[in-house]
Amino acid sequence: SGTTCTVALRLGADVQIAWLGDCRAMVATVTPTSKKVDLIVRGHTTADAKELMRVERLGAVVREVPPGSGLKRIFLRDQQAPGLFVTRALGDAMAQELGV
């Protein structure tokens, strides 16, 4: 199994964000008179068409689990594992060959 994460680094007025998996981040500016969302990052999941195409190109088999639910999970060819919704993660050795 693996993990997902989000990290933000603020240096002065600059903010750098990195994320993997279904973790998300939101950057906002809050002042005494206003609140504004500057950025919301998407999770790396099969719900993102580009991510889904990326793992399919690398050999992932995609199945709806449960059937008809619209929830797509990725599997190794001819196996019932790993059954992941995330398309990027840290430390998942089984899914590594699928680009996860």
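The preceding data block contains the structure.
Attention here is on the structure that accompanies the text.

Cut-offs applied
- Residues numbered from 1 in each chain as written.
- Predicted model: local features only at pLDDT ≥ 70, side-chain atom pairs only at ≥ 80, totals over all residues.
- Heavy atoms only, no water.
- Helix = DSSP H or I, 4+ residues; strand = E, 2+ residues; numbered from the N terminus.
- Rg over C-alpha atoms; globule rule 2.2 N^0.38 Å.
- Buried < 20%, exposed > 50% of the residue type's maximum accessible area, 1.4 Å probe, protein only.
- Contact = heavy atoms within 4.5 Å.
- Areas by Shrake-Rupley, 256 points an atom, 1.4 Å probe, with all protein chains shown as cover.
- Salt bridge = Lys/Arg side-chain N within 4 Å of Asp/Glu carboxyl O.
- Pairing = 2+ DSSP bridges.
- Axes fitted to C-alpha atoms, helices over the stretch in contact; angles between N-to-C directions.
- Core = buried A, V, L, I, M, F, W, Y, C linked by side-chain atoms within 4.5 Å.

Focus: the overall build of the protein chain
Of regular secondary structure, the protein chain possesses 1 helix and 7 strands. Taken from the N to the C terminus, the helices and strands of the protein chain come in the order β-β-β-β-α-β-β-β. Compactness check: the protein chain gives a C-alpha radius of gyration of 17 Å against a globular reference of 13 Å for 100 residues, more than 25% above the reference. The principal-axis extent of the C-alpha atoms belonging to the protein chain is close to 55 × 30 × 20 Å. Buried residues in the protein chain amount to 26% of all 100 residues. Residue pairs in contact within the protein chain that sit at least 24 positions apart in sequence constitute 29% of those at least 6 positions apart. Of the roughly 6800 Å² that the protein chain leaves accessible, carbon and sulfur atoms contribute 55%.

Observations concerning the pattern of salt bridges
The tally for this structure, following the rule as stated, stands at 4 salt bridges. Between Asp48 and Arg42 there is a salt bridge whose closest N-O contact spans 3.7 Å. Given a relative accessible area of 15%, Asp48 falls into the buried group. Across the pair Arg88 and Glu51 runs a salt bridge, and its minimum N-O distance is 2.9 Å. A residue pair is termed long-range when its members are at least 10 positions apart, and Arg88 in the segment after strand E7 (82–84) and Glu51 in helix H1 (residues 49–57) qualify at 37 residues. Residue Arg88 is classed as partly exposed on the basis of its relative accessible area of 27%.

Let's talk about the sheet that holds E7
The strand order across the open sheet built from 3 strands is E5-E6-E7, with neighbouring strands paired in antiparallel fashion. Every interior strand has two partners, whereas the edge strands, strand E5 (61–64) and E7, have only one. Looking at each pair of strands side by side, their axes are set apart by 35° on average, direction ignored. Bridge count between strand E6 (residues 72–75) and E7: 2 bridges; the pairing is antiparallel. Looking across to E7, one finds that Phe75 is bridged to Pro82.

Quick notes on the nonpolar core
Of all hydrophobic cores here, the largest spans 10 residues; its members are Val55, Ala60, Ile74, Leu76, Leu84, Val86, Ala89, Ala95, Leu98 and Val100. Not counting residues within four places of it along the chain, the set of residues in contact with Ile74 comprises Thr46, Val55, Ala60, Val61, Val62, Pro82, Gly83, Leu84, Val86 and Val100.

So, unusual backbone geometry
Between Val65 and the following residue, Pro66, the backbone shows a cis peptide bond with an omega angle of -10°. Tracing the sequence through the fold places Pro66 in the loop between E5 and E6. Each neighbour pair has its own omega, and for Ala81 with Pro82 the value is 0°, a cis peptide bond. Unlike most non-glycine residues, Asp78 shows phi in positive territory, near 65°. Structurally, the position occupied by Asp78 is in the loop between E6 and E7.

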